[in-house]
Amino acid sequence: MHAFRTATVAFRSGIVAFRSAKVAESSNQPQTHSSSSVQRRRTHLSRSERRLSQLSRSEGRRCCLALGLLLLAASPALAQLPATRLGAVYPAGGQPGQTVEVSIAGADLDDVDQLLFSHPGIKATRKMAEPGPFDKGPRPVPNQFVVQLAGNVPLGLHEVRAQGKYGVSNPRAYAVGDVPEAVETEPNNDAAAAIECTLPALLNGLSNAAGDVDYYRFTAPAGQRLIIAAHSRQVDSPLDTVLTLYDAAGRVLGSSRDDQALDSLLDVTTPAAGQYVLKVHDAAYQGGPEHVYRVSIGVLPHIDFVFPPAGPGGGGRPFTIYGRNLPGGQPAGLALDGRPLEKAAVTIPLPAAGAPLAVSSARLEPAAAGLDLAEYRVKGPQGSSNPVLVGVATAAPVLEAANNDSPAAAQPLTVPCEVQGQFYPQRDQDWYQVELKAGQVVAIDVISQRIGAPTNPQLVVQRVVKPAEGDQPEQVQQLAFVFESDVQDGGSQFDVRHDDPAFTFTATDDGSYRLMVRDGSSQVVADPRRVYRLSITSGQPDFRLAAVAEDCHSAVFLRKGGQVGIRVVAFRKAGFEGEISVTATGLPAGVTCSNAVIGPASNHAMLVLTAAENAAPAVTAVQIAGRAKIGTADVTRQARLGVALAPTVQRGDANQQVPAVESRLARELVVSISPTEVSPISLQAGGGQVWENSRAAQIKIPYTRGGPFKGAVSVVPRGLPPNVNAPAINIGANATSGEFQVNLNANTPLGTYTFYLDAIAQQVDYNRNPEAAAAAAERKKEVDQIKVQADAEAKAAADAKAAADRAATEAANA
């Protein structure tokens, strides 16, 4: 019996509503946004506060505040009940038509007997060991599998999950490529022991311990432009790869750490025919079973950027790609780090706006969940290029004019439109001007960092007052200076913050309004990859959604009678402030989920999945969708899915652990139900009814408690809308019912909202994997029986030998 200090694991939904009182009109002053990089918390006026300011103009409306009550394990300081976590698959990829052996690493991998791939053409079976003297037959090798890739598996990043006693794990990326693959063999820790490889090659390696350095050797003719690209972050590895290339004399020809996608890239033209040595290691010389990598070497095509960065959706559109070793490429007249770029004209098919993401080969950051994107790659003689992201334009595309780098030369635009531009050359700033009518609502969105450009954009919005007489200077009023995103609450496991600025305002007068965009980074460096999209729309509100499991290390694992939360994040577009009703479909039998509502002053809500006490074992991919009223139309959007890559990430003080912020978009959201385990606690609150009250009122909500755990539980309401508070709840040992209080303020925003309860149990008695102990006892019994039989057979053999020896001796004497 093992006792775990763990957070509670029960969830339940409930509804509360209130009637609003009359609200005063708020002021409409220009706003200025400022902060540092996205790695630090914002201090400026939040989006929800601005939204509240707009909502407060409504008077006397009847509305609901829906509070979904959810008990959620959310304290990183306390141990959690076990849930299968997949840390790495090694090798982290293969070629179509191959059969490869892989090993897995992670946590809580008890009884893992299956690997589940997102593509049906990739299947795995357990690796079996030859039977030993105490085995009745072949036995499975723990955490090792044989993976078969069908010949028609498409190139790109697929996903793999491990299934064991504690459910189906989080996903890990599994790459499928068209370059011949090789697997590292130790020792190769110095140049003399470098592994020989033939180009082109894709090297699968593992930095298996701190200080590990891997060397590879290859032969190349003179004058080849080699692209050496590391793929560690792309396959969810914590390895921060450093690549260094040496010639036969040991001279360094090139070294690289982070490129645009935060994986290393080397572009080297071989000076002479002969041997070359590549060194691969972690930047901090870290290592371990999860520090896997893939490195491609060859005369391979590489795309650095595409222009324009977006086009109209729903068909093939003309674009120009810029990069190196491009099929049919011509000199582009541009360079990166002194290396010349090529260009090629291509046609790229784009999906319609709001369609599922047409991306399978690129890792997408959480902030990209709010965009409509497709990917494109080219194939060269030795293999395919990296994928590049192409956007679906939000309005009619307009190309940036060549000379718009001053207010006097501002490029005239007609709303709505989407400008396709570049922060290039160095210190470039682009000015635009629009004519607006009084009362016209305009939404401005700069899209650059979210599509992978290495940028830190800034936006200035001005109102221009023309002089009454021609010889008088114009008057300029600055409405906004924005250089970061609004804070979207994706939670600690799905950080959707980014550096792309956005601003929505209402024109106060007829007249001219001027916009300026620039990139803070391009002030010190010239980089043609720094492309951007400037979306200017009016009266086209919309939204996108992303969903990520809140617990169980980003896998949804339900014990019988237990509950798990799924956080749904809204990306609001063009000033959309409406309510979004969120639902989950495709749930396994025995699992229920009440709808959640993302209110007007909020960007998120929690869905609660509840497993019945008699729920049967199951593994199912679920879908999340949101529905909202936009004008007179009912609009439904499928949620893009996210995953956190690690349960915790160390930041700052070594004594402080903060929840993981390293995350990405995922292909599926898989729910699994335990065949044997029972949730230690359950809590029901709200009774599923609608509670109604007015602003400045108090609402008391009853709850009941069940489950085998009877100890004390601390409960904290979380995810409340602005200007609503609820004190923490302490549920005493053996207490089975009670109530908690929600306080509505006089300025609580109108609308329907869902929030949840974060409950922490200080200690829960938990017997970990008793089946393993029973299996070990059975195995011991089996081995003991084999030993007894072997001992008897050995004694019989010894007796027979002794008798034969006596007979031989007697025969010899005769």
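Residues numbered from 1 in each chain as written. Predicted model: local features only at pLDDT ≥ 70, side-chain atom pairs only at ≥ 80, totals over all residues. Heavy atoms only, no water.

## Considerations on the overall build of the chain
- When its secondary structure is counted, the chain shows two helices and 61 strands.
- Out of the 814 residues in the chain, the part that is buried amounts to 53%.
- Nonlocal contacts in the chain, meaning residues at least 24 apart in sequence, comprise 73% of its contacts between residues at least 6 apart.
- Just so you have it, the chain exposes about 33500 Å², and 52% of that area is on carbon and sulfur atoms. (Helix = DSSP H or I, 4+ residues; strand = E, 2+ residues; numbered from the N terminus. Buried < 20%, exposed > 50% of the residue type's maximum accessible area, 1.4 Å probe, protein only. Contact = heavy atoms within 4.5 Å. Areas by Shrake-Rupley, 256 points an atom, 1.4 Å probe, with all protein chains shown as cover.)

## Quick look at the sheet that holds strand β56 (residues 713–718)
- Strand order across the open sheet formed by three strands is β58-β56-β60, with antiparallel pairing between neighbours. The open sheet is flanked by β58 (729–731) and β60 (756–761), the only strands paired with a single partner. Neighbour to neighbour, the strand axes of the sheet diverge by 25° on average, direction disregarded.
- As paired strands, β56 and β60 are joined by six bridges and run antiparallel to one another. (Pairing = 2+ DSSP bridges. Axes fitted to C-alpha atoms, helices over the stretch in contact; angles between N-to-C directions.)

## Focus: the confidence of the model for the chain
- Per-chain confidence: the chain averages 84 in pLDDT, with 86% of residues scoring 70 or above.
- Confidence over residues 1–79 falls short of pLDDT 50; this stretch has 274 contacts with residues more than four positions distant or in other chains.
- In the predicted structure, residues 648–660 sits below a pLDDT of 50 and forms 20 contacts with residues beyond four places in sequence or in another chain. (pLDDT = per-residue confidence, 0-100.)

## Describing unusual backbone geometry
- The residue after Leu199, namely Pro200, is reached through a cis peptide bond having omega -5°.
- Mapped onto the elements, Pro200 comes out in the loop between β14 (195–196) and β15 (201–206).

## Things to note about the sheet that holds strand β32 (residues 417–422)
- Reading across the sheet, the five strands line up as β30-β32-β39-β34-β37 and stay open at both edges, with mixed pairing between neighbours. Each edge of the open sheet is held by one strand with a lone partner, namely β30 (397–399) and β37 (502–506). Neighbour-to-neighbour, the strand axes of this sheet turn through a mean angle of 20°, independent of strand direction.
- Note: β30 against β32, three bridges, orientation parallel. Paired with Leu399 across the strands is Gln420, a residue of β32.

## Quick word on the environment of Val525
- If you trace the backbone, Val525 turns up in the loop between β38 (511–519) and β39 (531–537).
- For Val525, a relative accessible area of 35% puts it in the partly exposed group.
- The spacing of Val525 and Gln426 is 99 residues in sequence and 5.7 Å in space, taken between C-alpha atoms.
- If near-sequence neighbours (up to four positions away) are discounted, Val525 is found in contact with Gln426 and Arg530.

## As for the side chain of Glu418
- As for its placement among the helices and strands, Glu418 is situated in strand β32.
- Those residues in contact with Glu418 that lie beyond four places of it in its chain are Ala310, Ala393, Thr394, Ala395, Ala396, Pro397, Val398, Arg533, Leu534 and Ser535.

## Focus: the pairing of strand β48 (residues 633–638)
- Note that strand β47 (residues 618–630) and β48 share six bridges and pair antiparallel. Across the sheet, Gly626 pairs through a bridge with Arg637, a residue of β48.
- Adjacent in sequence and paired antiparallel, β47 and β48 are bridged by two residues, among which Gly631 carries a positive phi angle near 65°.

## Considering the nonpolar core
- Membership of the largest hydrophobic core comes to 33 residues, with the highest contact counts inside it found for Ile580, Leu607 and Ile624.
- Contacts of Leu607, omitting those with residues within four sequence positions, involve Val564, Gly565, Ile566, Val568, Val582, Thr583, Ala584, Cys593, Ser594, Asn595, Ala596 and Ile624. (Core = buried A, V, L, I, M, F, W, Y, C linked by side-chain atoms within 4.5 Å.)

## A word on the packing of aromatic side chains
- Counted by the stated rule, this structure contains eight aromatic pairs.
- Taking the centre distance of 6.0 Å and the plane angle of 25° together, the rings of Phe218 and Tyr276 count as stacked. In this pair, Phe218 is assigned in strand β16 (residues 213–220) and Tyr276 in strand β21 (residues 274–282), connecting sequence segments 58 residues apart. The same class applies to Phe218 as to Tyr276, namely buried.
- Centroid distance Phe305 to Tyr322: 4.5 Å. Interplanar angle 5°. Geometry classified as stacked. (Phe/Tyr/Trp six-rings, centres within 6.5 Å; stacked < 30°, edge-to-face > 60°.)

## Details of the pattern of salt bridges
- A full pass over the atoms with the stated rule returns 38 salt bridges.
- Here Asp509 and Arg463 are joined by a salt bridge, their closest N and O atoms 2.7 Å apart. In this pair, Asp509 is assigned in the loop between β37 and β38 and Arg463 in strand β35 (residues 457–465), connecting sequence segments 46 residues apart.
- A salt bridge links Lys801 to Asp805; the shortest N-O distance between them is 3.1 Å. Within this pair, Lys801 and its partner Asp805 are both found in helix α2 (residues 770–813), separated by four residues, close to a single helical turn. (Salt bridge = Lys/Arg side-chain N within 4 Å of Asp/Glu carboxyl O.)

## As for the pairing of β37
- Here β37 shows a clear split, with Phe503 and Phe505 buried on one side and none of Ala502, Thr504 and Thr506 buried on the other.
- Looking at chain direction, strand β34 (residues 441–447) and β37 are connected through five bridges and run antiparallel. Across the sheet, residue Asp445 finds its bridge partner in β37, namely Ala502.

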